[in-house]
Amino acid sequence: MRYRQLTTGTLALGVILLIDVLRVWLPGIITIFGQAASTPAELMGAFALGWFVLALGAPAVVRRVGARPVVVVAAVVLALARLALTAAPGGRTQLWLATAGLLAGLVWLVGVAADTDRPVPGLALGFAVNAALHALWDTVDVVWWGTWVAWLFSSVVVLLFLLGTAQPVALAGGGDGGARAWLLAGPALLLAGMVALSPALARTGMSYLFAGDGVAGSPLFGLAPVPVAVTSFLFTASTRPPRGWGRAYGPVALLVGALLFASDRGDLLVPAVLLAAVGLGACLALTDDANRPNETAETEPTGAGSGTTSDVTSAAAARRGYAVAIGMLVFALGAVGYYSAYDLGYPNAAVPVVVAGLVAVVAFTAQPVVQWLPGPFPPLRAAAAVTALALLAPVVADEVPVASNRDGPPERLTVVAYNIRMGFGLDGRFDLTGLTEVVERQRPDVVLLSEVDRAWLLNGGHDTLDVMADRLGMPYVFAPAADPVWGDAVLSRWPMDDARSLPLPAVGAPTGAQALGVTLDLSDGVRTAVVSTHLQPPPGKGPVVQARAVADFAIRYAAGRPLVVAGDMNTEPGDEAFEQFTAAGLVDALAAARPLATSPADDPREQIDHIFVSAGLTPRNPVAPRSTASDHLPVAVTVTLPPR
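Residues numbered from 1 in each chain as written. Predicted model: local features only at pLDDT ≥ 70, side-chain atom pairs only at ≥ 80, totals over all residues. Heavy atoms only, no water.

Asks: How would you summarise the overall build of the protein if you had to cite specific residues and measurements?
Replies: A tally of helices and strands in the protein yields 22 helices and 13 strands. Once the C-alpha set of the protein is aligned to its principal axes, its extents read approximately 85 × 45 × 45 Å. A total of 644 residues make up the protein; the buried ones form 62% of that total. Once local pairs closer than 6 in sequence are excluded, the contacts in the protein between residues at least 24 apart make up 79%. Put simply, the protein shows about 22400 Å² of open surface, and 62% of that area lies on carbon and sulfur atoms. Positive and negative side-chain charges in the protein, numbering 39 and 49 respectively, have mean positions lying 6 Å apart. (Helix = DSSP H or I, 4+ residues; strand = E, 2+ residues; numbered from the N terminus. Buried < 20%, exposed > 50% of the residue type's maximum accessible area, 1.4 Å probe, protein only. Contact = heavy atoms within 4.5 Å. Areas by Shrake-Rupley, 256 points an atom, 1.4 Å probe, with all protein chains shown as cover. Lys, Arg positive; Asp, Glu negative; His and termini not counted. Charge placed at Lys NZ, Arg CZ, Asp CG, Glu CD.)

What follows is the structure, given as structure tokens:
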């Protein structure tokens with residue numbers, strides 16, 4: 001039993017390391033290889049897919065030289081790349097380290113598959129522990145911490161993984177089964193990262209339930225669904241599936257969860273996560289070849305001869321190797337196909353549903369279990385241990401900033417508007433510290449954020465908004481633009497209410513846009529309206545139609561109260577779109593500092609981030625403080641409120 005536990009644990013550790021590398025590599029496609037959206041989406045997609053296609057050659061290498069050498073070499077490269085990424089070097093170095101780690105991880109999976117015909121326990125444990133840790137880290141992986149704690153944790157995980165790999169032990173006896181389970185490794189990884197085991201998505205869903213009316217607010221215990229999802233997934237993946245038509249519950253639950261996720265409704269995200277977690281675990285259990293005791297009997301280690309060339313040249317080993325390589329290619333196709341839609345403009349809601357359908361079909365058509373063999377770890381104990389880890393997240397990682405106003409209404413407000421590029425700086429590092437520091441230096445009362453990402457797997461699965469709100473100590477209101485987890489936000493030290501969001505006409509632009517209005521309660525009946533937006537112009541044109549819609553919405557929403565409108569407008573002073581705001585009676589709050597370029601951050605040439613105020617507000621001290629924590633500079637101004 002100890003050999004099965006050792007090799008299952010080693011597989012789980014390898015999966016954890018691979019997911020960590022993916023959370024660095026995927027954003028690097030956009031922020032480093034993509035060079036701030038200057039690279040065509042088609043080229044970025046080809047670069048991303050190319051490495052997964054290259055991995056299709058790994059089974060042939062395994063067949064020629066043997067599984068054992070391939071596994072050991074690939075494991076060492078994966079471990080070293082993951083450890084090096086803890087330094088978060090940024091730039092091309094970071095991208096190529098992550099790429100080396102990704103390719104090594106894919107080859108390692110192929111090598112492990114050649115000798116492993118019962119991978120479900122290790123895969124499920126790896127997915128579940130990674131999700132629990134991601135929640136415990138408040139969705140910010142230790143790769144980005146830059147502290148001794150990050151180095152210590154990373155070193156321990158890498159060391160345990162390498163020690164486990166050094167043991168010449170097979171997870172199972174190298175039997176004929178396992179191909180179905182390995183085929184689902186990639187699709188399951190995609191669905192786990194996008195929906196089923198995404199702590200950021202779970203918290204975003206809770207924030208919609210907390211606020212309502214199509215907007216989201218700072219939730220209480222936003223990570224509470226994570227322990228439920230992790231427990232459900234791991235328990236259903238490690239227990240015997242029902243017989244007969246009862247086996248359909250997993251595929252049905254997974255499909256319903258994927259459909260809820262694809263509906264683009266924030267209030268349905270929590271049930272989407274929970275159903276997908278149950279369904280995904282149950283589907284993996286259906287492919288677990290525990291029904292063949294004569295083929296999955298455990299093999300004791302036999303020294304260096306374990307995993308010999310004769311084993312890996314078998315047809316079954318080859319099938320498993322190609323199955324996992326094809327499954328990971330499905331992961332890449334699904335990720336690229338889903339997220340490139342936000343650059344190219346085609347519908348993408350079918351992608352998670354199609355992937356869930358593939359998993360459901362492969363699982364449901366698997367041979368029914370005849371005699372269930374126990375896994376390496378007792379299901380209840382394993383689920384309880386991982387759940388205990390996940391339960392720490394709502395206690396340790398969840399914070400709820402509370403708006404604290406001073407005695408009486410203020411005489412002035414300091415406003416900051418910032419396009420944060422999903423939290424990634426110009427060097428491709430996830431730099432929430434840099435973002436919060438440049439904002440805090442302005443001592444803001446209200447912060448308006450654009451390009452806020454709350455759960456995109458493509459960007460590492462972070463809840464950028466909630467983490468940034470915790471660090472600033474300011475509650476938030478969020479409104480969706482492209483989908484329920486990508487949009488704009490307002491953070492304030494003063495209480496906010498009456499939040500409303502207006503979807504803006506797309507007019508040919510692939511990414512959605514909106515205008516979010518909130519009202520600041522400054523006490524004693526003094527109230528100020530704030531509107532946050534990010535205009536998305538159609539290719540080759542200005543955002544005139546959207547600018548007009550925002551200006552009209554803001555004037556109506558303010559209803560005569562003092563008004564601030566700010567964000568990334570993608571238009572310059574004097575342009576027709578810019579003049580839509582001044583024509584509505586709003587004042588350019590940054591006029592005294594013009595020209596005030598804000599993009600690109602390292603060499604600002606364009607004035608595209610703006611703050612407008614109503615005529616009763618007096619702007620002072622407009623600035624665009626320098627920082628490379630995003631590809632834009634923030635803009636800030638202090639406005640004096642009209643006398644009461």
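Asks: A description of the pattern of salt bridges should follow, citing residues and the corresponding values.
Replies: Scanning the entire structure with this criterion turns up 16 salt bridges. The partner of D603 in a salt bridge is R605, and the shortest N-O contact between them spans 3.0 Å. The class for D603 is partly exposed, based on a relative accessible area of 42%. Sharing partners across several salt bridges, the network here consists of D138, R203, D398, R454, D463 and D466. (Salt bridge = Lys/Arg side-chain N within 4 Å of Asp/Glu carboxyl O.)

Asks: Just give me the short version of the pairing of strand β7 (residues 514–521), but keep the residues and values in it.
Replies: The element β7 is extensively covered by neighbouring structure, given that seven of its eight residues are classed as buried. As defined by bridge partners, strand β6 (residues 496–503) adjoins β7 across six bridges and the pair is classed as antiparallel. If you follow R500 over to β7, its bridge partner there is G517. Linking β7 back to strand β8 (residues 527–534) in an antiparallel pair, the connection comprises five residues, with S523 at a positive phi of about 80°. (Pairing = 2+ DSSP bridges.)

Asks: Now, about the sheet that holds β7: what can you tell me, with residues and values included?
Replies: The strands making up a sheet associate through backbone hydrogen bonding, with each pair oriented either parallel or antiparallel. Spatial strand order, β6-β7-β8-β9-β11-β10: six strands in an open sheet with mixed pairing. Pairing within the sheet leaves two strands with one partner each, and these edge strands are β6 and β10 (587–588). Here β10 pairs with strand β11 (residues 609–613) via two bridges, running antiparallel. Note on β11: the bridge partner recorded for D588 is F612. Strands in contact with helix α22 (residues 576–583) are β9 (563–568), β10 and β11; relative to β11, the strand with the most contacts, it is inclined by about 15°. (Axes fitted to C-alpha atoms, helices over the stretch in contact; angles between N-to-C directions.)

Asks: Describe in detail the sheet that holds strand β12 (residues 618–623), supporting the description with residues and values.
Replies: The strand order β1-β4-β5-β3-β2-β13-β12 describes an open sheet built from seven strands, whose pairing is mixed. Each end of this open sheet is capped by a strand with a single partner; those strands are β1 (216–217) and β12. Here β1 pairs with strand β4 (residues 476–483) via two bridges, running antiparallel. Across the sheet, A216 pairs through a bridge with F478, a residue of β4.

Asks: Give me the lowdown on the packing of helix α11 (residues 225–238) against helix α18 (residues 379–396), citing residues and values where you can.
Replies: Running from N to C, α11 and α18 point in directions that differ by 165°, and their axes come no closer than 8 Å. In terms of orientation, α11 and α18 fall into the roughly antiparallel class. The way α11 lies across α18 gives a crossing that is right-handed. Judged by residue contacts, P227, V230, T231, L234, F235 and S238 of α11 engage P379, L380, A382, A383, V386, T387, A390, L391 and P394 from α18. Its residues assigned to classes, the contact of α11 with α18 comprises 12 nonpolar, three polar and no charged. (Parallel < 35°, antiparallel > 145°, perpendicular 65-115°, else oblique. Left-handed = near helix turned anticlockwise from the far one by under 90°. Nonpolar A, V, L, I, M, F, W, Y, C, P; charged D, E, K, R; others polar.)

Asks: Lay out the packing of aromatic side chains in plain terms, naming residues and giving numbers.
Replies: Taken as a whole, this structure holds 23 aromatic pairs when the rule is applied. When the centroid spacing of 5.1 Å and the interplanar angle of 55° are considered together, the rings of F578 and F612 count as tilted. Taken as a pair, F578 in helix α22 and F612 in strand β11 lie far apart in primary sequence, 34 residues in all. You'll find F578 and F612 in the same group, each marked buried. (Phe/Tyr/Trp six-rings, centres within 6.5 Å; stacked < 30°, edge-to-face > 60°.)

Asks: So what about helix α10 (residues 199–211)? Which residues, and what values?
Replies: Between its terminal C-alpha atoms α10 stretches 19 Å, which fits the 18 Å expected from 13 residues at 1.5 Å a residue. A large share of α10 lies buried, amounting to 10 of its 13 residues. Buried residues of α10: P199, A200, L201, A202, R203, T204, G205, M206, S207 and Y208, and no others. (Expected span 1.5 Å × (residues − 1).)

Asks: Give a description of the pairing of strand β5 (residues 486–492) that names residues and reports values.
Replies: Burial analysis of β5 places seven of its seven residues in the buried class, the great majority of the element. Pairing between strand β3 (residues 446–453) and β5: six bridges, direction antiparallel. The residue bridging L448 from the neighbouring strand is V490, located in β5. Hairpin remark: β4 followed by β5, antiparallel, with two residues in the connecting loop.

Asks: For the nonpolar core, give the residues involved together with the corresponding values.
Replies: Core analysis: the biggest nonpolar cluster contains 160 residues, and W25, W182 and L491 have the highest contact counts within it. With 16 residues, helix α1 (residues 2–33) is the largest single contributor of residues to this core. Residues in contact with L491, not counting those within four places in the same chain, are D445, V446, V447, L449, L465, A469, L472, M474, P475, Y476 and M496. Judged by nonpolar contacts, the second largest core, of 31 residues, contains L413, V415, V518 and A624. (Core = buried A, V, L, I, M, F, W, Y, C linked by side-chain atoms within 4.5 Å.)

Asks: For helix α19 (residues 432–440), give the residues involved together with the corresponding values.
Replies: By the burial criterion, the buried members of α19 are L432, G434, L435, T436, V438 and V439. Where the residues of α19 are buried, they touch β2 (412–419), β3 and α20 (464–472).

Asks: Give me the side chain of T464: which residues, what numbers.
Replies: Note on placement: T464 falls in helix α20. Separated by 3.0 Å, the side chain of T464 and the backbone oxygen of D453 make a polar contact. Excluding residues that lie within four positions of it along the chain, T464 makes contacts with I420, M422, G423, F430, L432, D453 and R454. (Polar contact = N/O pair within 3.5 Å; in protein donor to acceptor, adjacent residues only side chain to side chain.)

Asks: Could you give an account of the side chain of T533, with specific residues and numbers?
Replies: With respect to the helices, strands and loops of the structure, T533 is situated in strand β8. Only 2.7 Å separates the side chain of T533 from the backbone oxygen of Q514, close enough to count as a polar contact. Look past the residues within four positions of T533 in its chain and what remains in contact with it is S450, D488, L504, Q514, A515, V550, A566, G567, D568 and M569.

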